[in-house]
Amino acid sequence: MSHRKLWVLFSLLITVSLVLAACAQPTPQVVKETVVVTQVVEKPVEVTKVVEKEKTVEVTKVVEKEVPISRGVVTVLGVWGGDELSAFQEAVFPFTEETGIGMAFEGTRDLAAVLTTRVEAGNPPDLAILPNPGQMRELAAAGKLVPIDTFMDMDTLKKNYAQAWLDLASYDGKLYGVFYKVANKSLVWYNPKAFEAAGYQVPTTWDELIALSDQIVADGGTPWCIGLESGAASGWPGTDWIEDIMLRTAGPEVYDKWVNHEIPWTDPAIKRAWELFGQIARNEDYVYGGTTGVLSTFFGDSPAPMFDDPPGCYMHRQASFITGFFPEGVVAGEDYDFFPFPPIDEQWGTPVLGGADLIVMFNDTPEARKLMEYLASPKPQEIWAGKGGFISPNKAVSLDAYKDELTRKIAQAVVSAEVFRFDASDLMPAAVGAGSFWTGVLDYVGGADLDAVLEEIEASAQDAYGQ
Amino acid sequence: MSPRLSKTLSRFPIHIVLIGMGLLWLTPSVGLLISSIRPPDAVNQTGWWTVLPRLFDTSQYTLRNYQEILGAQGMALAFRNSLLITIPSTIIPIAIAAFAAYAFAWMEFPGRQVLFVIVVGLLVVPLQMTLIPLLRAYNRLGLSGTFVGIWLAHTGYGLPFAVYLLRNFFGSLPRDLFESAYLDGASEFTAFFRLALPLSVPALASLAIFQFLWVWNDLLVALIYLGGTEQVAPLTLKLSSLVNSLGQNWHLLTAAAFISMALPLVVFFSLQRYFVRGILAGSVKG
């Protein structure tokens, strides 16, 4: 009996799978239509959109006849997800409406591995959004990328982007990418209500910052919230601290030498930056939860005590994207605000440290070119700026486009910065910038001897830089 | 009465240990379940165990995470894609492995041991090593981005273990059964379909569970061979794309874990029936 039943089940499953197989065959053709469907996200007026959808497909076919290589869809690989993804899709929507070219976005947070595999296998996406220029250089050096200065309007690009951005996106004299989404990392977040209640003033120099921290401790509070835990990337928030301090104590030139490993890690300038970081992060009275708390708190959770009553801590140094982690219901400008990470040595002023995603191109198709040109223009960047959580490096993007006053201030700081430097750890070889630097920070905060930590990083750097 | 009582008493410590281990194993899942129905702010501030003292106070729970996930665009499509990938990727390797395992166990042919050793040897090849060469071949054959391609990939990855497990199970069936079948004029096919397969239901069922879970939970293989576009992305990819690039909105993943767990649980419990019955049926009847 049970055998027969089992057979029925088995043959049923086989039939189902055959039917499914038959259904699945036409996949390649379907892609085109669905991609357009993706753009419809969050649009309530579906009826009109559906009509447009039909139209778009029509247009796509016409384009295909004109240009033989065209596929009507540009594939884009990137790390964005959640509301970032929907904001990006919305930003591309006018492009699809206008040109009939769809965008198929593939998101993965494990970008490096997936991209390497696909590139090696000869199946790269048309465009990719890389989280830092380091990987761009590797890919450009391997000849996998299409230089974009051959078809982009360089005059407009030079007008809209600061030279520093174009230099960072270039390799061997050719431009390979356009920076799209920036994070300003030189920010200290605080709770204005708590500051007011305790009568604290926003510090404008490092000495005032330390004085304020001491004052908070004397009043029985805890000045700082720091969290270094971030899974396999644990330690990176500490590297941002040290980079920010380096820029303020040694200046941009020494900073660049440090990035290129022209000075050793044991150099006094580097050591001093670490010591100043340690002055805060290793001080049990200064940090919420003590050094154990610093080491074991997830970076995204770490600012939460700032909003407790009474506040668990008063200040949090982190990049602009941290607002995405703030508890729900806190209001920009009221419950939280920021001040620039204050200058330390007066001569170096208040530089801005940042990170940014850049768009690069693998397949030179007419559609990919058009999308690339569109993305470098202010329009899609203004759309995303209006959705929030986005800062553009493009000078042509109107500051009015930003969703709130706070984001506008952050964006202003980025475009008007006298000295802007890219996150050093993102520019260093992965063995250092995403390896020994991170673990070094953890060891140091955990109580290890600074000289030993720096010597260890130096040893790994000598291998990584091939000296 | 008294012998039964003493029996119960003597088993008491074992039961305590078993229940203790069961609770220990369940703890992370319970924590995940509670986290998934707590508001994100509460999750950030206190541990899931803090709800335990007032477990029945429903005001501390919310179904918002579930609503947000199920309401996300394209969820139904992702679910369909997952089924499209998983069902054939479970059936094909098991069907092939059953034939192969029977041949390895009961048919005499030259090179049998060598072939079997090679299959077992493939068990230790990490699948990551095959990604680039296989994807290259797929590009040539036009299989990348198609469901057929990923079925074949999962079949290949699943076969060594499936053949190994089934061969050992077939090999442990009593030789007399097959000899008498051959004497009665049964062909190899009859012996396979009438004897080997029905007797191996427990092994087939457990293999199906393994393979189903592995394919259902897979993210990497789908990402590489199918790509992450909406049209073909399975549930795992869709769920991972709900989280922002730096991990904002991670609280959604707690609920996502339970949603993606639902179907495997159904599969497990429905196959478990065969599983247990099969084991009992196998206990020799002379």
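Here, every reference points to the structure presented above.
Before going into details, it helps to say that this report is about the structure given with it. (Residues numbered from 1 in each chain as written. Chains lettered and ligands numbered in written order. Predicted model: local features only at pLDDT ≥ 70, side-chain atom pairs only at ≥ 80, totals over all residues. Heavy atoms only, no water.)

Considering helix α16 (residues 378-387) of chain A
Residue and element names in this part refer to chain A.
Right, so step 1: For α16, the full list of buried residues reads Pro-380, Gln-381, Trp-384 and Ala-385. Looking straight down α16, one finds that the buried residues subtend no more than 140° of arc, so they occupy a single side.
Right, so step 2: Those residues of α16 hidden inside the fold are in contact with α4 (82-99), β6 (177-184) and α15 (366-376).
Right, so step 3: Backbone geometry just downstream of α16 places Gly-388 in the positive-phi region, at approximately 95°. (Buried < 20%, exposed > 50% of the residue type's maximum accessible area, 1.4 Å probe, protein only. Helix = DSSP H or I, 4+ residues; strand = E, 2+ residues; numbered from the N terminus. Arc of directions from axis to C-beta. Contact = heavy atoms within 4.5 Å.)

Notes on empty space enclosed by the protein
Residues and elements named next belong to chain B.
Right, so step 1: Inspection of the entire model under this criterion finds three cavities of 30 Å³ or more.
Right, so step 2: Around the second largest cavity sit Ser-82, Ile-85, Thr-86, His-154, Val-215, Trp-216, Asp-218, Ala-222, Pro-234 and Thr-236, which together line it.
Right, so step 3: Mapped by element, the contributors of at least two residues to the lining of the second largest cavity are α4 (75-106) and α10 (201-216).
Right, so step 4: Per-element tally for the lining of the second largest cavity: the top contributor is α4, with three residues. (1 Å grid on protein atoms, 1.4 Å probe; cavity = no way out; pocket = protein on both sides within 12 Å on 5 of 7 lines; lining within 4 Å. Points joined across faces, edges and corners; volume = space filled by probe spheres on them.)

Some remarks on the side chain of A:Asp301
Right, so step 1: Residue position: A:Asp301 is located in the loop between α14 (290-296) and β8 (315-317).
Right, so step 2: Within the buried set, A:Asp301 has no salt-bridge partner at all; the shortest N-O distance to an opposite charge, 11 Å, is to B:Arg38. (Lys, Arg positive; Asp, Glu negative; His and termini not counted. Salt bridge = Lys/Arg side-chain N within 4 Å of Asp/Glu carboxyl O.)

A word on the interface of chain A and chain B
Right, so step 1: Taken together, the contact between chain A and chain B spans 44 residues of the former and 42 residues of the latter.
Right, so step 2: Carbon and sulfur atoms supply 65% of the area that chain A and chain B bury against each other, a total of about 4100 Å² over both sides.
Right, so step 3: Of all residues in chain A, the largest losses of buried area upon contact with chain B belong to A:Arg109, A:Thr117 and A:Glu328, amounting jointly to 12% of the total for that side.
Right, so step 4: Here chain A is connected to chain B by two salt bridges.
Right, so step 5: Between B:Arg136 and A:Glu120 there is a salt bridge whose closest N-O contact spans 3.9 Å.
Right, so step 6: Taken together, the links from chain A to chain B amount to six residue pairs in polar contact (both at pLDDT 80 or more).
Right, so step 7: The element contributing the most residues to the side of chain A that touches chain B is helix α1 (residues 2-24) of chain A, with eleven residues.
Right, so step 8: Across the side of chain A that touches chain B, the residue classes tally to 20 nonpolar, 15 polar and nine charged. (Buried area = accessible area lost by both parts, 1.4 Å probe. Polar contact = N/O pair within 3.5 Å; in protein donor to acceptor, adjacent residues only side chain to side chain. Nonpolar A, V, L, I, M, F, W, Y, C, P; charged D, E, K, R; others polar.)

Focus: the packing of helix α13 (residues 268-281) of chain A against helix α20 (residues 450-464) of chain A
All names here are of chain A.
Right, so step 1: Put simply, α13 and α20 touch, their axes get as near as 11 Å, and they point 125° apart. Between α13 and α20, the angle is such that the two are oblique. The two elements α13 and α20 meet at a crossing, and its hand is right-handed. Residues Ile-270, Lys-271, Trp-274 and Glu-275 of α13 lie in contact with α20, whose contacting residues are Leu-450, Asp-451, Val-453, Leu-454 and Ile-457. (Axes fitted to C-alpha atoms, helices over the stretch in contact; angles between N-to-C directions. Parallel < 35°, antiparallel > 145°, perpendicular 65-115°, else oblique. Left-handed = near helix turned anticlockwise from the far one by under 90°.)

What about helix α12 (residues 251-259) of chain A?
Residues and elements named next belong to chain A.
Right, so step 1: For α12, the full list of buried residues reads Gly-251, Pro-252, Tyr-255, Trp-258 and Val-259. Projected onto a plane normal to the axis of α12, the buried residues spread over an arc of 130° and lie on a single side.
Right, so step 2: His-261 lies just past α12 and shows a positive phi near 60°.

Describing the packing of aromatic side chains
Right, so step 1: Applying the stated criterion across every chain, the model contains 55 aromatic pairs over all chains.
Right, so step 2: Centre to centre, the rings of A:Trp241 and A:Phe277 are 5.8 Å apart; their planes meet at 45°, and the pair counts as tilted. You can see A:Trp241 sitting in helix α11 (residues 236-249) and its partner A:Phe277 sitting in helix α13, a full 36 residues away along the chain.
Right, so step 3: A:Phe277 gets classed as buried once you look at its relative accessible area, which sits at 0%.
Right, so step 4: Both rings, one in A:Phe307 and one in A:Tyr336, keep their centres 6.4 Å apart while their planes meet at 80°; by these two values the pair is edge-to-face. Remark: A:Tyr336 occurs in the loop between β8 and β9 (337-340) and A:Phe307 occurs in the loop between α14 and β8; sequence separation between them is 29 residues. Each member of the pair, A:Phe307 together with A:Tyr336, is buried.
Right, so step 5: Taken together, B:Phe99, B:Tyr102, B:Trp106, B:Phe178, B:Phe189, B:Phe192 and B:Phe193 form an aromatic cluster joined through their ring pairs.
Right, so step 6: Over the ring of A:Phe341 we find A:Arg317, and its NZ or CZ is 5.8 Å from the ring centre.
Right, so step 7: One cation-aromatic arrangement involves B:Arg167 over B:Phe116; the distance from NZ or CZ to the ring centre is 4.9 Å. (Phe/Tyr/Trp six-rings, centres within 6.5 Å; stacked < 30°, edge-to-face > 60°. Lys NZ or Arg CZ within 6 Å of the ring centre and 35° of its normal.)

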